[in-house]
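# Geometric and topological summary
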Amino acid sequence: MHGRLTSGLSLANELVQRIKARRNLAVEVVICPPFTLLWPVVEVLSESPIKLGAQDCHPENHGPYTGDISAAMLVDMGCRYVIIGHSERRSAHREDSAMIARKFSAAQQAGLTAILCVGETREEYDSGKKSEAVEAQLRQSLPQKFTAANLVIAYEPVWAIGTGLTPTVAEVAEVHTHIRADLGKLLGEDGAGVRILYG
């Protein structure tokens, strides 16, 4: 919940200029501003390769859910991606993995790529159970039917968000390797094509 109209548009324009200055960029760039900035930001991005994403969506396509945004509405706004299951949504809004799985299904049915967030708490990290915690979150947050091609996994330990603490590169690589192996068990060869991010 950062950014107002002026600062949001300024940041989006700056990112567009930076991307234009880099030729043959071999990565996909996605930005996920607050809902209030989706429409003005999509206009800024229209002539750039940067994709637009949202920070959350509702599990239902429509209905009496005042204040919520459906995945189909996000598509109407020009979104191609949506973040699902961020730890702040899980904790502050008490969204469990079953709810995340429903949101994930809604996102993919609408044609969005779901960025599924997973990460362990400090207690799980300290007790040496980070891999088990992340695996459980991953498995429980994926619906029975989903498309691997429209899936991105974003790993970020809960204890690193806003605390100034950061895991080492080796720690991140260890968890990414564990996630990749688990995706292989769940998806077979398709698991190798799923993008895994940090943060």
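Residues numbered from 1 in each chain as written. Predicted model: local features only at pLDDT ≥ 70, side-chain atom pairs only at ≥ 80, totals over all residues. Heavy atoms only, no water.

### Section: the nonpolar core
One recurring pattern in soluble globular proteins: nonpolar side chains tend to sit buried together. Membership of the largest hydrophobic core comes to 39 residues, with the highest contact counts inside it found for Leu-116, Ile-153 and Ile-179. With five residues, helix α2 (residues 38–45) is the single largest residue contributor to this core. Once you skip the residues sitting within four places of it in the chain, Leu-116 turns out to touch Ile-84, Arg-90, Ile-100, Phe-104, Leu-138, Ser-141, Leu-142, Leu-151, Val-152, Ile-153 and Ala-154. Counting six residues, the second-largest nonpolar core is a separate cluster that includes Ile-83, Ile-115, Cys-117 and Val-152. (Core = buried A, V, L, I, M, F, W, Y, C linked by side-chain atoms within 4.5 Å. Buried < 20%, exposed > 50% of the residue type's maximum accessible area, 1.4 Å probe, protein only. Helix = DSSP H or I, 4+ residues; strand = E, 2+ residues; numbered from the N terminus. Contact = heavy atoms within 4.5 Å.)

### Here's the deal with the pairing of strand β6 (residues 195–198)
Pairing analysis gives four bridges linking strand β5 (residues 151–155) to β6, with the strands arranged parallel. Among the inter-strand pairings, Ala-154 is bridged to a residue of β6, identified as Leu-197. Regarding the hand of the β-α-β motif, the stretch spanning β5, helix α8 (residues 169–187) and β6 is right-handed. (Pairing = 2+ DSSP bridges. Right-handed = clockwise from strand over helix to strand, strands pointing away.)

### A closer look at the packing of aromatic side chains
Using the criterion set out here, one finds three aromatic pairs in the structure. Its end group placed over the ring of Trp-159, Arg-122 keeps NZ or CZ at 5.0 Å from the ring centre. (Phe/Tyr/Trp six-rings, centres within 6.5 Å; stacked < 30°, edge-to-face > 60°. Lys NZ or Arg CZ within 6 Å of the ring centre and 35° of its normal.)

### Some points on the layout of surface pockets
A probe as big as a water molecule, rolled over the atoms, marks out the empty space that is left. By volume, the largest pocket is sized at about 1,300 Å³. Lining the largest pocket are 42 residues, and of these Cys-32, Pro-33, Pro-34, Gln-55 and Ile-83 lie nearest its centre. Put simply, the parts of the chain that give the lining of the largest pocket at least two residues each are α1 (5–21), β1 (30–31), β3 (81–84), α4 (87–92), β4 (113–118), β5 and β6. Take the lining of the largest pocket: its biggest share by element is five residues, from α1. Residues of the lining of the largest pocket, tallied by class, amount to 24 nonpolar, 11 polar and seven charged. Space inside the second largest pocket adds up to approximately 270 Å³. What lines the second largest pocket is a set of 19 residues, and nearest its centre among them are Ser-87, Arg-90, Gly-119, Gln-137 and Val-158. Residue composition of the lining of the second largest pocket, by class: six nonpolar, nine polar and four charged. (1 Å grid on protein atoms, 1.4 Å probe; cavity = no way out; pocket = protein on both sides within 12 Å on 5 of 7 lines; lining within 4 Å. Points joined across faces, edges and corners; volume = space filled by probe spheres on them. Nonpolar A, V, L, I, M, F, W, Y, C, P; charged D, E, K, R; others polar.)

### Observations regarding unusual backbone geometry
With a phi angle near 55°, Arg-94 is a residue other than glycine that sits in the positive phi range. Secondary-structure assignment places Arg-94 in the loop between α4 and α5 (97–109).

### Describing the packing of α5 against helix α7 (residues 130–141)
One can describe the packing of α5 onto α7 by two numbers: an axis separation of 8 Å at closest approach and a directional angle of 50°. In terms of their interaxial angle, α5 and α7 are classed as oblique. On α7, the residues that touch Ser-97, Ala-98, Ile-100, Ala-101 and Phe-104 of α5 are Gln-137, Gln-140 and Ser-141. Considering only residue class, the contact of α5 with α7 consists of four nonpolar, four polar and no charged. (Axes fitted to C-alpha atoms, helices over the stretch in contact; angles between N-to-C directions. Parallel < 35°, antiparallel > 145°, perpendicular 65-115°, else oblique.)

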